[in-house]
Amino acid sequence: MPDLPATAGPVRVPGRSRPGLIDRRDLIAALDRASEQRVTMISAPAGSGKTSLLHAWADRPGRDRRIAFMSVRPGQQDAQLFWLALLEAVRAATDATEPLPTAPGFDGGAMADKVLSEITASGGTFYLVIDDLHELGSAEAAEQLTALLTALPRDVHAIVATRHDPPLHLHRLRLTGELAEIRAAQLRFSEAETRDLLAASGVALPDDVARLLHRRAEGWAAGLRLAVLSLTGHPDPERFVAEFSGSHRTVAEYLMAEMLERQPPHVQRLLLRTSLPDRINGELADLLTGATGSERILLELEDANAFVVSLDPERTWFRYHHMFADLLRLELRRTIPEAIPELHRLAARWFAEHAQAVDAVRHLQAAGDWSEAARLLTDHTVSLTLDGQAGSAVALLRAFPACVGEDSPELALVYANADLHRHRLAEARAHLEIAGAYAATTPPDRQPRLRTAIASLNLLLARLRGHFDAVFEQADALPSPAEGRSNTEIALASDLRALALLNLGVAEAWSLRLDDSERHLLEGAALAHDIGRPYLEVACRAHLGFASGDRSFALVRQRCEEAVALAARYGWDAAAVIAPAQVSLAGTLICAGEFDRGERWLDRARRVTRSEGEPGVRLLVHLTSAMLAAARGQHAETLAELTAAEQVQAHMVSRHGLSSRVTAWTIATRARLGTVDRARADLAALDDRQSAVAEIRNAAAVLHLAERDPAGARRALRPVLDGTAPVTSFLTPIEARLLDALACRDLGDEHAAGAAVEEALHLAEPDRMILPFVMTGAWELLDALPRTTSHAALVSDILDTVRGDTPGRSAPGPAEELSPSELRVLRYLPTNLTRPEIAAELSVSLNTVNTHIRRIYAKLGAGDRSSAVHRGRELRLLSNGRG
């Protein structure tokens, strides 16, 4: 077909405005029956009518059911984007309004659980429909989807449509009769349906010719649709039917050529020149055709049911039927092959200008512009990871030829970023060195962008290696958004700066440079919020609680709860990004004697802290687990957690700021277990600088007490008590005074022991610190205190905790911990406020309040508002009059 010039004029599509739509009631009834099983799989080749069947089944009016409908995007490589699209479809079906953003860190199993929980919470019969599943290229996502489908409750049903059987392991469902299957044979049109299709399209054929058409098309839905489009208005329909035969591909090519050649030239031009992108809109179509009015043509083609499908409710984005697009591209290669590279370049330019880097790189690769594709991918590699498209970036890397592959310095930064995403730290370091050398050879206007990207990834590498000194050395290389000249460059520079502030703040936190850490994390959170990077904002705020540890436990707890609530808002309450807040919150609860609540938050952090994850968080998780075990008198378990923390430290380049506490508690725990010789050897192995730290002094005192040397214990504690020993935790001064009290008791000085306990209570009072009294065993001294003590309430709480008499202890806890958002709603339930009034007070929607109240009832095992309030008071989640 020649490359015809663009001309104005109306679109001419055979048939009526919506041709060829018939009610295939038997097939819909078959799908109705099949959909009552847990899972229904529709598996048939392209053009078999799978999507049309799904829409016809779902669009019937008057059905009391909820349906979440999604189509997998072509070439979907990213598990996260698949799950976010599925969750968005579920939320649309359940009237939820808040979309979830993408993130570099992703837990597919947790996301599958979230999808299931939101479906279950909606109540009633629910259908999950997934079309084009063959487009899913992520084995990880397929495995997670299998787990979801096999765990669906009784009133939830899934329907998946695919061109071939997907890698879903559903054999157990097949064996138990819970898997229904619809194959190509069931989707074929019968002779009667073929006649109905012709009649609905206004095509009159003799019965024998209609039978011949059915026989030639073999009941293939796409072939019949194409035939109807060609037959409408054809001068000799009987000859047309008699002339085509052969395979589906042959029939389709023949019929498509017939349809194309009967279109006006400007429609032909649009169809061919817009066939390369996977999706098209009016602006991009105008660019590719060199004409105007493309959106109108696309809308009219969709209205005519001519293999054009809109992708959004506003009907601004479109795609061609997959088979139709393939055939259009074949025709484009046959007729104007010389135009194809330039069409790809035009599409790449448009997608790049509209911040759609993956599509832009794909088109540059298709045009053979490998160097430009490498440059664009390098510039956007960090942003793609932040967008949750790390899988797409890896797929793009694989598409480069060997000469521009892993050994190419142009792509070294991309490979380094992919290595960091997969925690391949040695490989990332090598690729960053190559990228640094390459950056020096690039044009001057490109060097600043590359160097700031390299600096940001070096900061991340140093953080993951626990090499904090390297982070501080590179702090001066923090990129500034002002370095960007265009909007795209400013956005990229802002991404890099927010990431760098996060990495710097975290390194400072683990080095106990808490004031600097707090400043940089707050700056990073504010910048991330301003540029629309919620993942980076959550990551910064997740560490802020720990960074506030030298201020007050109340501030630590507040910031942790705020971070957890923000993460929950975006669906990341079970993701690794929020683990620092969860474990810091657990630590405050354990210190306050709320061991069971602390353990629940600690368990959440444990579940999402992978063995290859950030070492600083892993060390904190082990140390907090040791605190909990020590509080419960489980000294063997305490030692095991401390040993695990030491192993994490051994793989870090720099010393974690909490390492002295790990060492000190290890020595103290060995002494309490009776292995005093090993504890003495560990203490002797420390150098003078390490031995001078307050935590080590306390450990030495524990060892002296175990050796029945209370005078030696008091000597060891003197630098801590007079404030000359460096202190890394405000637990330490309280612990020191309690150990001094125990030593005074053993020396027979009851008055001095009582005075030391009073000092400890005075320090513990502001944050209600119970843990040091339990860990040291000094709670035994509390009964000897005079009744006139000013800390009677705290003493009562400590003794209640030790003796198991804390309020609510006899009542079992909720089935699942209430989230901070749910706790805020719970605290309004004892009031007289209505649900709309509570929503107004909290500045959230009524739907959000209703959802929270449903979950509160479920978690507390309550059936109404009053019983939820009563249960909340039992569990000390609400005030019950106790001071």
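Small disclaimer: the values here were computed from a predicted structure and weren't measured. (Residues numbered from 1 in each chain as written. Predicted model: local features only at pLDDT ≥ 70, side-chain atom pairs only at ≥ 80, totals over all residues. Heavy atoms only, no water.)

### Examining the overall build of the chain
Right, so step 1: A tally of regular secondary structure across the chain gives 45 helices and eight strands.
Right, so step 2: Residue burial in the chain is summarised as follows: out of 883 residues, 56% are buried.
Right, so step 3: Taking the contacts inside the chain whose residues are at least 6 apart along the sequence as the reference set, 69% of them involve residues at least 24 apart.
Right, so step 4: Only carbon and sulfur atoms are counted for the fraction: they give 50% of the accessible area of the chain, which is about 36900 Å². (Helix = DSSP H or I, 4+ residues; strand = E, 2+ residues; numbered from the N terminus. Buried < 20%, exposed > 50% of the residue type's maximum accessible area, 1.4 Å probe, protein only. Contact = heavy atoms within 4.5 Å. Areas by Shrake-Rupley, 256 points an atom, 1.4 Å probe, with all protein chains shown as cover.)

### Some details on the pattern of salt bridges
Right, so step 1: On inspection of all chains with the given rule, the structure shows 47 salt bridges.
Right, so step 2: Here D682 ties to R678 by a salt bridge, and the two come within 3.4 Å at their closest N and O atoms. Separated by four residues within a single helix, D682 and R678 lie in helix α34 (residues 676-684), roughly one turn from each other.
Right, so step 3: What makes R678 partly exposed here is its relative accessible area of 45%.
Right, so step 4: Via salt bridges that share partners, D165, R174, E181 and R183 belong to a single interconnected network. (Salt bridge = Lys/Arg side-chain N within 4 Å of Asp/Glu carboxyl O.)

### Observations regarding the side chain of T588
Right, so step 1: Residue placement: T588 occurs in helix α29 (residues 579-591).
Right, so step 2: Within polar-contact distance, the side chain of T588 engages the backbone oxygen of L585 at 2.7 Å.
Right, so step 3: Look past the residues within four positions of T588 in its chain and what remains in contact with it is F553, V556 and R557. (Polar contact = N/O pair within 3.5 Å; in protein donor to acceptor, adjacent residues only side chain to side chain.)

### Re the nonpolar core
Right, so step 1: In this structure, L761, L771, F773 and L782 are the most contacted members of the largest nonpolar core, which totals 139 residues.
Right, so step 2: Looking at which element gives the most residues to this core, the answer is helix α25 (residues 487-510), with 11 residues.
Right, so step 3: For L771, the contacting residues outside a window of four places in its chain are I590, C591, F595, M627, A631 and L731. (Core = buried A, V, L, I, M, F, W, Y, C linked by side-chain atoms within 4.5 Å.)

### Description of the confidence of the model for the chain
Right, so step 1: Within the chain, residue pLDDT values average 84, and 89% of them lie at 70 or more.
Right, so step 2: Taken as a whole, residues 1-20 scores under 50 in pLDDT and shows 57 contacts with residues more than four places along the chain or in a different chain. (pLDDT = per-residue confidence, 0-100.)

### Section: helix α3 (residues 79-93)
Right, so step 1: Between the first and last C-alpha of α3 there are 21 Å, a value that for 15 residues agrees with the 21 Å anticipated at 1.5 Å per step.
Right, so step 2: Across the 15 residues that make up α3, a large majority, 11, are buried.
Right, so step 3: Within the span of α3, buried status applies to A79, Q80, F82, W83, L84, L86, L87, A89, V90, R91 and A93.
Right, so step 4: For α3, the elements touching its buried residues are β2 (66-71), α4 (108-122), β3 (126-131) and α5 (139-150).
Right, so step 5: Two residues or fewer past α3, D95 is found with a positive phi of approximately 65°. (Expected span 1.5 Å × (residues − 1).)

### Focus on the packing of aromatic side chains
Right, so step 1: Applying the stated rule across the entire model yields nine aromatic pairs.
Right, so step 2: Where W370 meets F400, the ring centres are 5.7 Å apart and the plane angle is 55°; that geometry is what we call tilted. Taken together, the residues span a long stretch of sequence, with W370 in helix α19 (residues 370-386) and F400 in the loop between α20 (390-398) and α21 (412-421) at a distance of 30 residues.
Right, so step 3: When its relative accessible area of 6% is taken as the criterion, F400 is described as buried.
Right, so step 4: By way of ring pairs, the aromatic residues W317, W350 and F351 are connected into one cluster.
Right, so step 5: Note that R24 overlies the ring of F189, its terminal NZ or CZ placed 3.9 Å from the centroid.
Right, so step 6: In this structure, R661 is placed above the aromatic ring of W665, and the distance from its NZ or CZ to the ring centre is 6.0 Å. (Phe/Tyr/Trp six-rings, centres within 6.5 Å; stacked < 30°, edge-to-face > 60°. Lys NZ or Arg CZ within 6 Å of the ring centre and 35° of its normal.)

### A few points about the sheet that holds strand β5 (residues 179-183)
Right, so step 1: Spatially, five strands are ordered β2-β3-β4-β1-β5 in an open sheet, and the strand pairing comes out parallel. A single partner strand is all that each edge strand has here, and the edge strands are β2 and β5. The average angle at which neighbouring strand axes cross in this sheet is 15°, direction not considered.
Right, so step 2: With five bridges connecting them, strand β1 (residues 39-43) and β5 associate as parallel partners. Pairing of M41 across the sheet is with E181, part of β5. (Pairing = 2+ DSSP bridges. Axes fitted to C-alpha atoms, helices over the stretch in contact; angles between N-to-C directions.)

### Structural notes on the sheet that holds strand β8 (residues 317-320)
Right, so step 1: Sheet architecture is open: three strands sit in the order β6-β8-β7, paired in antiparallel fashion. Looking at which strands have only one partner, the edges of the open sheet turn out to be β6 (280-281) and β7 (308-310).
Right, so step 2: Pairing of β7 with β8 involves three bridges; the strand directions are antiparallel. Paired with V309 across the two strands is R319, which belongs to β8.
Right, so step 3: Together, β6, β7 and β8 form the strand contacts of helix α15 (residues 294-303), whose direction differs from that of β7 by roughly 105°.

### Some details on the pairing of β1
Right, so step 1: In terms of residue burial, β1 counts as a mostly covered element, since five of its five residues are buried.
Right, so step 2: Here β1 shows no split at all, with V39, M41 and S43 on one side and T40 and I42 on the other all buried.

### Some words on unusual backbone geometry
Right, so step 1: We note that A355 has phi near 60°; this positive angle belongs to a residue other than glycine.
Right, so step 2: With respect to the secondary-structure elements, A355 resides in the loop between α17 (340-353) and α18 (357-367).
Right, so step 3: In this structure A355 comes out as exposed when scored by relative accessible area, which is 65%.

### A few points about the pairing of strand β4 (residues 156-162)
Right, so step 1: With seven of seven residues buried, β4 lies mostly within the body of the structure.
Right, so step 2: Side chains V156, A158, V160 and T162 project from β4 onto one buried face, and the interleaved H157, I159 and A161 project onto a second face that is buried too.
Right, so step 3: Relative to β4, β1 runs parallel, the two sharing five bridges. Paired with I42 across the bridge in β4 is A161.

### Observations concerning the environment of V394
Right, so step 1: Along the chain, the position of V394 falls in helix α20.
Right, so step 2: For V394, a relative accessible area of 18% puts it in the buried group.
Right, so step 3: Along the primary structure V394 and D78 are separated by 316 residues, whereas in three dimensions their C-alpha atoms are 9.8 Å apart.

### Describing the environment of V702
Right, so step 1: Tracing the backbone shows V702 in helix α36 (residues 694-706).
Right, so step 2: Distance in space between the C-alpha atoms of V702 and R670 is 9.8 Å, their sequence separation being 32 residues.
Right, so step 3: Here V702 is in contact with A668, A671, R672 and L739, once residues within four sequence places are set aside.

### Comments concerning the packing of helix α22 (residues 425-439) against helix α23 (residues 447-465)
Right, so step 1: Two elements in contact, α22 and α23, have axes separated by 10 Å at closest approach and are oriented at 160°. It follows from the interaxial angle that α22 and α23 lie roughly antiparallel. Where α22 crosses over α23, the two elements pack in a sense that is left-handed. Contacts between α22 and α23 pair L425, A428, R429, L432, A435, G436, Y438 and A439 from the former with Q447, L450, R451, I454, L457, N458, L461, L464 and R465 from the latter.
Right, so step 2: The residue inventory of the contact of α22 with α23, partitioned by class, reads 11 nonpolar, three polar and three charged. (Parallel < 35°, antiparallel > 145°, perpendicular 65-115°, else oblique. Left-handed = near helix turned anticlockwise from the far one by under 90°. Nonpolar A, V, L, I, M, F, W, Y, C, P; charged D, E, K, R; others polar.)

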